Amino acid sequence: VRARSIAAAAAGIVLAAAAGAASAASPPLQIGDRPGFWPLSRLGAHTAIRISEPGTRVVARFRLSPGTRQGVPLWYTIRLHTRFRFARRRGECILSAATNGLTAAQMIVKTDRRAAQVASVGWIQGRRLLRLSAKTARVDFRNYLQTKGPRSGRNTLTVTLDVLRGRCFDSLSVLPDSGLGATRVRPDELRLLVPQQPIVATAGRRTKLPFALRRRGGRPDGGLDVTVLLPEGFRAIDGTVWHFARIGRVGSGAFEFVPKTTGHYVLSLAVPRRYNQPTANVQVDVVTPRSWLTSRFLPSLLAAVLLVGAAAFMYATRKAKKQDRR
Amino acid sequence: MTRRKIVLYRIGTLLCLAGAVVVLASTGLGASTPYLRTLGFGYGDSIYNYDFTSQAVSSSGVDWATSLLFYNNAEIDKVKNISSGKYWFYGSKMNFRLNDSGFWEWDQDGGKKTDTPSCLGSTRHYRIYAPAAFDNFYNPNFGYYVFGTSHYDHHELCNSWFDDSEGTEHDLANLFSGKGYYTRYDYAWFYNQQYGNQGDHHWSNDGYATYIRIT
């Protein structure tokens, strides 16, 4: 019986080794020729990938067609779906994912005895700050790859865990529905352009806030609204919504408002429920009304008087010197 | 008697000139630093090329020139962690003006120094900045990235002076390169070349920033 079981075990080891060699030798899956999503479960990882140590590990290999470039015509994206079991102690860690070493996903995790905070920045979900009091959580992050993130031929997808201090996790897994996507949707198909410098407004007077919309890409050019959120004490002249039946390549407009009191304010513009729903903020510095007389004329006059005084004193000095010589 | 008059007239001349200078400066007609400007990094991301002593954009209130860019997989604490063997002590906070998501905002950082302040010693010091609360920018050109300024503090607890931003930039380039991070010293022109003395502030910045790739 013992001899049989040894023989069976040996055969099992040989088969497993052969299977392993076969999977290692099999070429990576070709992906990304059409819009779609390819999860890790299709790229070779069928179960959750448990990460227990800091460092970088390859979680998938894949191939892209010759001539592949980000955005031409497809945009390549990443999904990093994780399951965290937080350690109830102080810690700071970064979980990141990269294609060919170029990072496109980053979750910054800070933990303490009571809760955890997960911060992430990307071009699909924007800035996100999650405060989690549960001991376990799933976090789903999506983003566009870096410009040189996808490349022709063989590519690798890696996951890196950095522990900056303490300990963050009792366990950490990358779920098999993480993976790579390809889409025709541009990351910034509709751009909302606003003044980059603060607008200086005078309290009690009309001020214009100009904006422009730039549309590109293949989505239909339908109607949309631009809305402005005014802070307390601001009165809109012609409402807070600007409607466009269609915009073509570029559309522009301006909101007009009257601020009541002085101070620094932020006005938020948004295009809700359309395209990539862009938003933009503008700083408005409201100042008290100042007349030209007090702000420019009187100081200039005073400076001129002082300069004339200086000249008079210099003249008097010369004259006194001459008298002294005589 | 006449000599006394001359001295009094001269004092009067100086007082009038000083008064005129003060009036002109207070009305905003005074001199300004010509190198302060915004820099764009694509996709709407932009910064000022100096950090500031207070949260006001003023060419007369700058601290040091922006001279470092950490990119790809950077984050403020991660960068500080990598340099923590040498840059271990914290410094005083300064302010940085940046635009990540279509609006301008401030970030503050105290940075890291090579030693504690003292009466006779000197410490290299750098600060890193990114959108507050998130600690990095993202765009497809740079990945996750942050900016830094650098300088050298001397005799901070006695008759202090500050200089050699270029030397500290070089020191950091060597440090990160030595740890295996791809470093391009003086790689990009940031329009902030500045030399000369302003009180205890001695400028020595060649205007080129060093790029360090964090993995």
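Residues numbered from 1 in each chain as written. Chains lettered and ligands numbered in written order. Predicted model: local features only at pLDDT ≥ 70, side-chain atom pairs only at ≥ 80, totals over all residues. Heavy atoms only, no water.

Draft legend 1. The nonpolar core, seen in detail. Residues and elements named next belong to chain A. Leu40, Phe84 and Phe169 are the most contacted members of the largest nonpolar core, which has 47 residues in total. Residue contacts for phenylalanine 84: discarding those within four places in its chain leaves Leu95, Met107, Val109, Val118, Lys135, Thr136, Ala137, Val139, Phe169, Ser171 and Leu172. Core analysis: the second largest hydrophobic core is formed by 25 residues, Leu209, Leu213, Phe244 and Tyr265 among them. (Core = buried A, V, L, I, M, F, W, Y, C linked by side-chain atoms within 4.5 Å. Buried < 20%, exposed > 50% of the residue type's maximum accessible area, 1.4 Å probe, protein only. Contact = heavy atoms within 4.5 Å.)

Draft legend 2. Just the pairing of strand 14 (residues 190-193) of chain A, in detail. All names here are of chain A. Side chains of strand 14 alternate between two faces, with Leu190 and Leu192 buried and Arg191 and Leu193 left unburied. In this sheet, strand 16 (residues 207-215) lies alongside strand 14 in antiparallel orientation, the contact comprising 4 bridges. What sits directly across from leucine 190, in strand 16, is arginine 215. (Helix = DSSP H or I, 4+ residues; strand = E, 2+ residues; numbered from the N terminus. Pairing = 2+ DSSP bridges.)

Draft legend 3. Region of the structure containing helix 3 (residues 165-178) of chain B. Residue and element names in this part refer to chain B. Between its first and last C-alpha atoms helix 3 spans 20 Å; for 14 residues at 1.5 Å apiece the expected length is 20 Å, and the two agree. Buried residues dominate helix 3, accounting for 10 of its 14 residues. Among all positions of helix 3, only Ser165, Glu166, Gly167, Thr168, Glu169, Asp171, Leu172, Ala173, Leu175 and Phe176 are buried. Glycine 180 sits one or two residues past helix 3 and shows a positive phi near 95 degrees. (Expected span 1.5 Å × (residues − 1).)

Draft legend 4. Quick peek at the interface of chain A and chain B. Across the contact, 52 residues belong to chain A and 48 residues belong to chain B. In this assembly, chain A packs against chain B so that about 4,200 Å² is buried in total across both faces, 55% of it on carbon and sulfur atoms. Of all residues in chain A, Val121, Trp123 and Arg127 of chain A bury the most surface against chain B, accounting for 16% of the area lost on that side. At the junction of chain A and chain B, the tally comes to 2 salt bridges. Close ionic contact of arginine 127 of chain A with glutamate 105 of chain B constitutes a salt bridge, the shortest N to O distance being 3.0 Å. Mapped onto the side of chain A that touches chain B, the elements with two or more residues apiece are strand 6 (91-99), strand 7 (102-111), strand 8 (116-122), strand 9 (126-132), strand 10 (136-144), strand 11 (153-166), strand 22 (279-287) and helix 2 (292-325) of chain A. Here the element with the most residues in the side of chain A that touches chain B is helix 2 of chain A; it accounts for 16 residues. Of the residues assigned to the side of chain A that touches chain B, the class counts are 26 nonpolar, 16 polar and 10 charged. (Buried area = accessible area lost by both parts, 1.4 Å probe. Salt bridge = Lys/Arg side-chain N within 4 Å of Asp/Glu carboxyl O. Nonpolar A, V, L, I, M, F, W, Y, C, P; charged D, E, K, R; others polar.)

Draft legend 5. Seen up close, the pattern of salt bridges. Enumeration over the complete set of coordinates arrives at 15 salt bridges over all chains. Between lysine 80 of chain B and aspartate 109 of chain B there is a salt bridge, and its shortest N-O distance comes to 2.7 Å. Of the two residues, lysine 80 of chain B sits in helix 2 (residues 76-82) while aspartate 109 of chain B sits in strand 7 (residues 104-109), which places them 29 residues apart along the sequence. In the salt-bridge network here, residues are joined through shared partners; they are Arg79, Asp140, Arg142 and Asp177 of chain A.

Draft legend 6. The state of the cysteines, seen in detail. Applying the stated rule across the entire model yields 2 disulfides over all chains. There is a disulfide in this structure between cysteine 93 of chain A and cysteine 168 of chain A, and the S-S distance comes to 2.1 Å. Negative torsions about the S-S bond denote left-handed disulfides, and the value of about 100 degrees found for cysteine 93 of chain A with cysteine 168 of chain A makes this one right-handed. In this pair, cysteine 93 of chain A sits in strand 6 while cysteine 168 of chain A sits in the loop between strand 11 and strand 12 (169-174), placing the two residues 75 residues apart along the sequence. Since its relative accessible area comes to 1%, cysteine 93 of chain A is described here as buried. Exposure remark for cysteine 168 of chain A: the relative accessible area of 2% places this residue in the buried category. Between the sulfur of cysteine 119 of chain B and that of cysteine 158 of chain B lies a disulfide, 1.4 Å long from S to S. Because the sign of the S-S torsion sets the handedness, a value of about -55 degrees for the bond joining cysteine 119 of chain B and cysteine 158 of chain B places this disulfide among the left-handed ones. (Disulfide = S-S within 2.5 Å.)

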